[in-house]
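Okay, here's what each chain looks like letter by letter:
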Amino acid sequence: MKFRKEYLDLILVPLGLLIMFSYHLILLYRCLNRPHTTVIGFENNDKKIWVEKLMQSETRDVKTALDVLSTNISAATFLASVSLTLSALIGAWIANNSNIFQSELIYGDTRPSTMSIKYITLLICFLLAFSCFVQSSRCLIHANYLISTLDADIATKYVELAVIRGGDFWSVGLRALYFATALLLWFFGPIPMFATSVTMVVLLHYLDSDTASLKKNRTVGRGGLLRFEERV
């Protein structure tokens, strides 16, 4: 049987997605069971310490805390707007039935049905990113209310939960954009998509691992939080 270029999409695209999904499942396992080996766990630990010191301080610096959260809210809102804009552009592109990516120069499956799958999967990633960034803003805005309520007896764990949830939604939104980047390269063929997936997993593994700084002068503080005297 003669090998056709359309078969590359059936092999390389699922393999590239499988590599990325597998990496993120491993990362999720590490975040839940060994958070001290990931940058996400390291950042969550810093957020817990920040909230703990803020809430237990006799002179709570509310203005600085709100400025920190407002910066994160602005970034999440910006990325949500970008994701929604790109989703609208993709929707308009689908409606116009553009043939730009159906050229013979692209080595892969360029049939209309396959192109529709490419548009739809890319659209799903951008919509997921938009939803996560919106939820991140919602959680951080809720943390604003909790922190600025000075005379109320609010448990520190509720503020921690709101801040960390906002960060978690932010991380998921970024991961959706990473997947969207790989799927965007699929328009230029399955080979660029697969190469991008492998390269992205290698790069993310380097960025997500944080063993060096966490092994450096680590002490366990109150509530099981990791305290760091020196950071690399």
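Residues numbered from 1 in each chain as written. Predicted model: local features only at pLDDT ≥ 70, side-chain atom pairs only at ≥ 80, totals over all residues. Heavy atoms only, no water.

An unreviewed UniProt entry lists the protein chain under the name Spastin, from Perilla frutescens var. hirtella.

Peer 1: Quick question: what am I supposed to make of the packing of helix 5 (residues 156-186) against helix 6 (residues 190-208) here?
Peer 2: The packing of two helices is summarised by the inter-axis angle and the distance between the axes. Direction vectors running N to C along helix 5 and helix 6 enclose 155°, while the axes themselves pass 7 Å from each other. What the angle tells us is that helix 5 and helix 6 run roughly antiparallel. Taken as a pair, helix 5 and helix 6 cross one another with a handedness that is right-handed. Residues Arg-175, Tyr-178, Thr-181, Ala-182, Leu-183, Leu-185 and Trp-186 of helix 5 pack against Pro-190, Pro-192, Met-193, Thr-196, Ser-197, Met-200, Leu-204 and Asp-208 of helix 6. A breakdown of the residues in the contact of helix 5 with helix 6 according to their chemical character gives 10 nonpolar, 3 polar and 2 charged. (Axes fitted to C-alpha atoms, helices over the stretch in contact; angles between N-to-C directions. Helix = DSSP H or I, 4+ residues; strand = E, 2+ residues; numbered from the N terminus. Parallel < 35°, antiparallel > 145°, perpendicular 65-115°, else oblique. Left-handed = near helix turned anticlockwise from the far one by under 90°. Contact = heavy atoms within 4.5 Å. Nonpolar A, V, L, I, M, F, W, Y, C, P; charged D, E, K, R; others polar.)

Peer 1: I'm lost on the pattern of salt bridges in this one. Help?
Peer 2: Between side chains of opposite charge, a pair can form as their charged atoms come close. All told, the structure shown has 2 salt bridges when counted by the stated rule. In this structure, Asp-67 engages Lys-63 in a salt bridge whose closest nitrogen and oxygen atoms are separated by 3.3 Å. Here Asp-67 pairs with Lys-63, and both are found in helix 3 (residues 62-96), just 4 residues apart, close to one helical turn. What makes Asp-67 partly exposed here is its relative accessible area of 40%. For Lys-63, a relative accessible area of 60% gives the class exposed. In this structure, the salt-bridge partner of Asp-208 is Arg-175, at a minimum N-O distance of 2.8 Å. Of this pair, Asp-208 sits in helix 6 while Arg-175 sits in helix 5; the two residues are 33 residues apart in sequence, bridging distant segments of the chain. On the basis of relative accessible area, Asp-208 is assigned to the buried category, the value being 6%. With a relative accessible area of 14%, Arg-175 lands in the buried category. (Salt bridge = Lys/Arg side-chain N within 4 Å of Asp/Glu carboxyl O. Buried < 20%, exposed > 50% of the residue type's maximum accessible area, 1.4 Å probe, protein only.)

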